[in-house]
Structure formats: structure tokens, C-alpha cells
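# Observations on the three-dimensional arrangement
The lines below spell out each chain.
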Amino acid sequence: MTFSSDHVELMLLIISLLFFASIFTDKLSSKLGIPALLLFLAVGMLFGEDGPVGLRFDNMNGAEILSSISLCIILFAGGMGTKFVDIQPVMWPGAMLATVGVALTWLFSGLAIWGVFQLFGNFSFVTLPFALLMSAMMSSTDASSVFSILGNNGIRLKHNLRPLLELESGSNDPMAYIITVTMIDLLTKHQLAWQVGVSVFISITWSVLFGLVVGFGFAKLMTNLMNRMSLSNTSLYPIMILTACIFIYSVAYFLGGNSYLAVYIGGLVIGNSKFPYKRNTMGFIDGLSWLAQLMMFLVLGLLVSPHSLIKAAVPALIISAIMIFIARPLAVYLTLWPFKQFNRIDKSYVSWVGLKGAVPIILAIKCAADGVPNSDILFNIAFVCTIVSLLSQGMTLSWLAKKMRLTLPQQDRQEPTHFDISLPEEIEEKAIEVLVTEEMAPTPVHLKDLGLGKSSLVIILRRGDEYLFPNGQTLIEEGDYLLVMSDQEHALVRTYDNDVWELELIRNTSGFINNFIRSGKERKEQHKQAKRQKEQ
């Protein structure tokens, strides 16, 4: 089966079926602990030419365009969801991992790949430049994989490791892209080594500088503009932010800066700024990010022919082993050596989170578009390496963090999901949603008797589909949802590096909720006593 412009309805039907199949795999992902991105790839392969459906899709240029746009949105959303206060303590180590770490990973893995493949007679085409190109494609940590897996599993890590990993993965693609493009030029234009060195230095300096300037400058301009103007239709604010993302990406490209770095910085600045209807906008961008991930991995899954991966399996497994167990750990340990706040266990975990994703496959597609010899082999190797990484590293992140004792207790705070309202950011951070259980209210009880404390205020009560504005005399029943504002709770949601403080804060959070439970238990016991007396 092939796509045809004469069958638009059939195309839409197939696309919707693909989306449904991918969305329903999310539940399977949570149950089995398999990264959702891997299941998206599997759905694409299942519908592809070697699968039961037999859908043939071989448009490399279309796949490259769609993947680039998707990656742009994913990086922008990742930046918007990252708080300055979280990444500030790890700014320098994160920047070092995103630049020096990528360069060292590329160099170590490239030399190792070349050395190993010289032992095999069937891989004579793996010259040193070709090996360095393969390692360049896979030298970065994939942002979409890191954001997705850490976010979905709710992994909370000690010593600011999670913001470090998110900062690295969100900002290291430019380095990998620059090195890959330089190696493509070396293979296709036959440049001399010193010319390549000069080209790399100029490209890195120029693209990083203009990526930072464009991302920061236009993001500041956009937030100032949104705060000064008043749109008649509030639905246009999320569209405006999305337009800013595309605009920053395009301007950075035409000015010679790195587009991916620019959109990540732009998202970081916008996400940490105040502007109207921010909560709705953040939800819109987050949903769009998931759509972008779904589309990108589906298309990449459709693009590959599973039977062609068999030939690439052996070299891909060798390269994966080199990257995972040799190049990445060496690069991480050397890069983080000056930063004494990270111990050996921290560095080992960071070494393991060298996840691969869409970027190596996208760069392999670029190699094919630029006429690199044996680019089909590069594509298949990149695809298998991505699958190996998601299976071996992606599925074990949570388990390994627990084994290394790097996890923090889950926060008791519940986001107000049952109250679809927009609140100013400062107020929303103080909001906590409480479900009234039987222990809290064995019988209907007045709100003033719940024992909330003087610093807490219930602003909305939800009972079924009905919303009430309660006062002290309002009867609270089991099954009610309360939207509570509390300065006490506000102090509990902050993340601290010190484990003792972290545990103390979580304990205090539990104490806040336990006020309800304790009062409820007392009322329940009083109710039982009254019932026994009445029976007697």
C-alpha cells in the first residue's frame, strides 16, 4: 500500500488509526515499564511495509522535515517546563556535558569503533572518517527520550541530577549536529584535516553564540509583547507562543545560529516569565510536544524496513556497547571531574542516562540527503542503536536510581486536576487538591471543624459536577474535592538538595494532610461511641 494524493480520506483514516494505536500504547508503557517512544516506533514498524498492513513510506526528505519540526517543538516544550531555580545550581556542569562531554564521547567512540571494525574483514568501508561520522550522529543524549522517560516515571533524583540531565539533553544536540555536518563535509568534499578543525571551531562558536542570542532576545521580546497587548480571543495566546517557537527556530537558522539551541533557550526564557493565560498555554504546548513525539517516532518507524535491520544488527550492537560502556562513562567522568559536588555514584548514573532517540536517525537521514556513501547502513545502524538504548537504558532508569539510592520520596502534593480554573502562577503554587475520604469525614461535618488551621483557606468545593464556594458552615462529605490554599503547603513543594531538609519537608506535607485524617478519626470514634451509647 502506498500514499496517494488522490486518496486523502484513506490517508486520514490511516493516520488516525496510527495515532489511536500509539495513544493506547501509553497504558501498556506504564504497565510494562517500556518507554512510550519505543512503542511508538513499534507501531510505525507494525504498520510499515514489512508489517501486516504493508504501508510503504520511503520519503526521506519529508521525514527529515517532519522530524526537524517535531524536534523543534519538543525542545521548546522541554525548555518551557524547566525552571531556572532548578538548573541554576547545575548550569556549568550541564553546559560542560552539552559541549565538552559530547566532543569527548564523539572522539572516544569514533576511535574505538574504527579500531574494532578494523578487525573484521567484512567492514572495510568503515574508515576513520566514517567511524567518526557514526559516532558524531550518536554522541548526544536525546532530549525527547530524557524528558519523556524521566517525566512519565516521575523520577525524583538527589543532588540535582534530574535538572542536570534535562539541561544536558536539551542543549547538547547543537554540538552533535555541528560535528556531524562537519564530518559529512569531510566525506563528501574531501577537506583536509586542518580545514576540518578550523571549520569545527568557527561553526561551534558562531552557531552557539547566535543560538543563545536569538533564543534569549526574541523570547524576551515575545513575553514583553504579550504582557503589553490584550488579545480579544484568549485562545490566541497559546498560538502566539507556538508561532514564537517557529519564528525563533527560523531566524536562528537564517542568521547561522543553531536552531535547536535557540528554541530550547527561547522555551526556557518564556517558561520562566510571566504572561497572560500561562497555565493554558503550558498545557497546550505540552500536548503539542506529545503529538510531535508521536508523529516523529511513528514516521521513523514507518520509514524503516525491519528485514534490513538484520544486516545492521551486529555492527549496531558493537557500537552500542562501545557508546554505553566505554565512551559515555569516560566522557562523563572526565567532564564532571572538576565538579566535586558529584560523587562516583552520581557520575555512574549520569553515564547510564546517555539515551538515544530520534536525533541519530534524523542525522542519518541528513547523511542520505547529502549523498554520504553507505548512508543506508548509517540509517539502519542508528535505528538499531536507538532501540538498544531505549530497551537497555530507558527501561532501567527508575530501577537503577533506586538501586543506587538516588531517588527522593514522592511528593504528597496533588495538582488541582479536578478544578479546571486558571490562577496566577504565584497563587497556583500554593494550591493543593484534597479528596475527602471516610477517615476525614465519617459523617458530614462543617468546614470549620475540619481542622485546616489558620493559614489555610478552602476556596472551591467540588461535589460531583457541582462547584460550591464554601463557608465555615458548609457541610463537607466523603468524596468531595477541596481546593485549598496554604502558605504551609507552599513551603513544602520546593525541592532542596539536602536530603534531611527534603525528608523534613515531605514529612511536614504529610502532616498538613494528616490534620484532616486525625480530626476525621477523632470524629469517627466519637460517632461510634455515640452510636454504642444510643444502642445501650
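Residues numbered from 1 in each chain as written. Predicted model: local features only at pLDDT ≥ 70, side-chain atom pairs only at ≥ 80, totals over all residues. Heavy atoms only, no water.

## Topic: the overall build of the chain
Scanning the chain from terminus to terminus reveals 21 helices and 6 strands. Counting only residues that meet the buried cut, the chain has 49% of its 536 residues in that class. Here the contacts in the chain between residues at least 6 apart in sequence split such that 79% fall between residues at least 24 apart. (Helix = DSSP H or I, 4+ residues; strand = E, 2+ residues; numbered from the N terminus. Buried < 20%, exposed > 50% of the residue type's maximum accessible area, 1.4 Å probe, protein only. Contact = heavy atoms within 4.5 Å.)

## Section: helix H16 (residues 358–369)
The first and last C-alpha atoms of H16 sit 17 Å apart over 12 residues, in line with the 16 Å expected at 1.5 Å per residue. Here H16 lies mainly inside the structure; 10 of its 12 residues are buried. Glycine 371, located one to two residues past H16, shows a positive phi value of around 75°. (Expected span 1.5 Å × (residues − 1).)

## Overview of the side chain of serine 140
Looking at the element boundaries, serine 140 is found in the loop between helix H6 (128–137) and helix H7 (143–153). Classification of serine 140 as buried rests on a relative accessible area of 4%. At 3.2 Å, the side chain of serine 140 forms a polar contact with the side chain of aspartate 173. Apart from residues lying up to four places away in sequence, serine 140 is in contact with Val102, Asn172, Asp173, Ala176, Leu355, Lys356 and Val359. (Polar contact = N/O pair within 3.5 Å; in protein donor to acceptor, adjacent residues only side chain to side chain.)

## Brief notes about empty space enclosed by the protein
Applying the stated rule across the entire model yields 2 cavities of 30 Å³ or more. When its volume is computed, the largest cavity comes out at roughly 50 Å³. Surrounding the largest cavity, Met138, Ser320, Met323, Ile324, Lys356, Cys385, Ser389 and Gln393 form its lining. Reported here for the second largest cavity is a volume of approximately 30 Å³. Surrounding the second largest cavity, Leu97, Gly101, Val102, Thr105, Ser139, Glu168, Arg328, Ala331 and Val332 form its lining. Only helix H5 (91–117) and helix H14 (306–335) provide two or more residues apiece to the lining of the second largest cavity. Looking at the lining of the second largest cavity element by element, the count peaks at 4 residues for H5. (1 Å grid on protein atoms, 1.4 Å probe; cavity = no way out; pocket = protein on both sides within 12 Å on 5 of 7 lines; lining within 4 Å. Points joined across faces, edges and corners; volume = space filled by probe spheres on them.)

## Details of the environment of leucine 457
Mapped onto the secondary structure, leucine 457 falls in strand E3 (residues 456–463). For leucine 457 and asparagine 471, which are 14 residues apart along the polypeptide, the C-alpha to C-alpha distance reads 9.8 Å. Excluding residues that lie within four positions of it along the chain, leucine 457 makes contacts with Leu483, Val484 and Met485.

## Observations regarding the nonpolar core
The nonpolar side chains of a soluble globular protein tend to be buried, and buried together. Among the nonpolar cores identified, the biggest contains 132 residues, and Leu133, Met137, Ile319, Tyr349, Phe383 and Leu397 are the most heavily contacted of them. In terms of residues, this core owes the most to one element, helix H13 (residues 278–303), which gives 11 residues. Discounting chain neighbours no more than four positions away, the residues touching tyrosine 349 are Leu157, Leu161, Leu165, Leu397, Leu400, Ala401, Met404 and Leu406. Listed in part, the 13 residues of the second largest apolar core include Ile432, Met440, Leu461 and Val484. (Core = buried A, V, L, I, M, F, W, Y, C linked by side-chain atoms within 4.5 Å.)

## A look at the pattern of salt bridges
For the structure shown, the criterion picks out 5 salt bridges. With a shortest N-O distance of 3.5 Å, lysine 366 and aspartate 370 are connected by a salt bridge. With a shortest N-O distance of 3.9 Å, arginine 463 and glutamate 477 are connected by a salt bridge. Residue arginine 463 is located in strand E3, and its partner glutamate 477 is located in the loop between strand E5 (475–476) and strand E6 (481–486); the two are separated by 14 residues in the primary sequence. Under the relative-accessibility criterion, arginine 463 is labelled partly exposed at 25%. Among the residues examined, glutamate 477 registers a relative accessible area of 33% and is labelled partly exposed. (Salt bridge = Lys/Arg side-chain N within 4 Å of Asp/Glu carboxyl O.)

## As for the packing of aromatic side chains
In the structure shown here, the tally under the stated rule is 8 aromatic pairs. When the ring of phenylalanine 218 is compared with that of phenylalanine 247, the centres are 5.2 Å apart and the planes differ by 75°; the resulting orientation is edge-to-face. Of this pair, phenylalanine 218 sits in helix H10 (residues 193–228) while phenylalanine 247 is found in helix H11 (residues 236–254), placing the two residues 29 residues apart along the sequence. On the basis of relative accessible area, phenylalanine 247 is assigned to the partly exposed category, the value being 43%. (Phe/Tyr/Trp six-rings, centres within 6.5 Å; stacked < 30°, edge-to-face > 60°.)

## With respect to the confidence of the model for the chain
Here the chain shows a mean pLDDT of 79. Residues at 70 or above account for 78%. When mean pLDDT is taken per element in the chain, helix H15 (residues 344–352) scores highest with 95 and helix H20 (residues 487–490) scores lowest with 51. In this model, residues 489–513 is a region of pLDDT below 50 whose contacts with residues beyond four sequence positions or in other chains number 46 contacts. (pLDDT = per-residue confidence, 0-100.)

## Remarks on the layout of surface pockets
In this structure, the second largest pocket occupies an estimated 750 Å³ of space. Tyr177, Tyr249, Tyr253, Ser259 and Lys366 are the residues nearest the centre of the second largest pocket, which is lined by 25 residues in total. Counting residues per element, the ones that place at least two in the lining of the second largest pocket are helix H3 (60–80), helix H9 (173–189), H10, H11, helix H12 (259–271) and H16. The element contributing the most residues to the lining of the second largest pocket is H9, with 6 residues. Its residues assigned to classes, the lining of the second largest pocket comprises 12 nonpolar, 9 polar and 4 charged. (Nonpolar A, V, L, I, M, F, W, Y, C, P; charged D, E, K, R; others polar.)

## Here we look at H15
Of the residues making up H15, those classed as buried are Asp346, Lys347, Tyr349, Val350, Ser351 and Trp352. Residues of H15 that are buried make contact with H5, helix H8 (161–171), H14, helix H17 (375–392) and helix H18 (397–403). Capping the start of H15 is the job of one residue whose side-chain oxygen sits 3.0 Å from the backbone nitrogen of isoleucine 345: asparagine 343.

## Some thoughts on the pairing of E3
Where E3 and strand E4 (residues 466–468) come together, 3 bridges link them in antiparallel fashion. Bridge pairing in E4 places arginine 463 opposite glutamate 466. Between E3 and E4, which pair antiparallel and follow one another directly, the connecting turn spans 2 residues, one of which, glycine 464, has a positive phi of 70°. (Pairing = 2+ DSSP bridges.)

## Describing a nonpolar patch on the surface
A cluster of nonpolar side chains, contributed by Leu107, Leu111, Trp114 and Leu128, occupies part of the molecular surface with about 310 Å² of accessible area. Here the nonpolar patch gets 3 residues from one element, more than from any other, and that element is H5. Within the fold, leucine 107 resides in helix H5. (Patch = residues over 30% accessible without salt bridge, like charges linked within 9 Å, V, L, I, M, F, W, Y side chains within 5 Å. Areas by Shrake-Rupley, 256 points an atom, 1.4 Å probe, with all protein chains shown as cover.)

## Digging into the packing of H16 against H17
At a minimum axis distance of 9 Å, the contact between H16 and H17 shows a crossing angle of 175°. On the basis of their axis angle, the class for H16 and H17 is roughly antiparallel. Packed against H16, whose contacting residues are Pro360, Ile361, Ala364, Ile365, Cys367 and Ala368, the element H17 presents Ser375, Leu378, Phe379, Ala382, Phe383 and Thr386 at the interface. (Axes fitted to C-alpha atoms, helices over the stretch in contact; angles between N-to-C directions. Parallel < 35°, antiparallel > 145°, perpendicular 65-115°, else oblique.)

## Some details on the environment of phenylalanine 339
Relative to the assigned elements, phenylalanine 339 resides in the loop between H14 and H15. Classification of phenylalanine 339 as buried rests on a relative accessible area of 16%. Discounting chain neighbours no more than four positions away, the residues touching phenylalanine 339 are Trp92, Pro93 and Met96.

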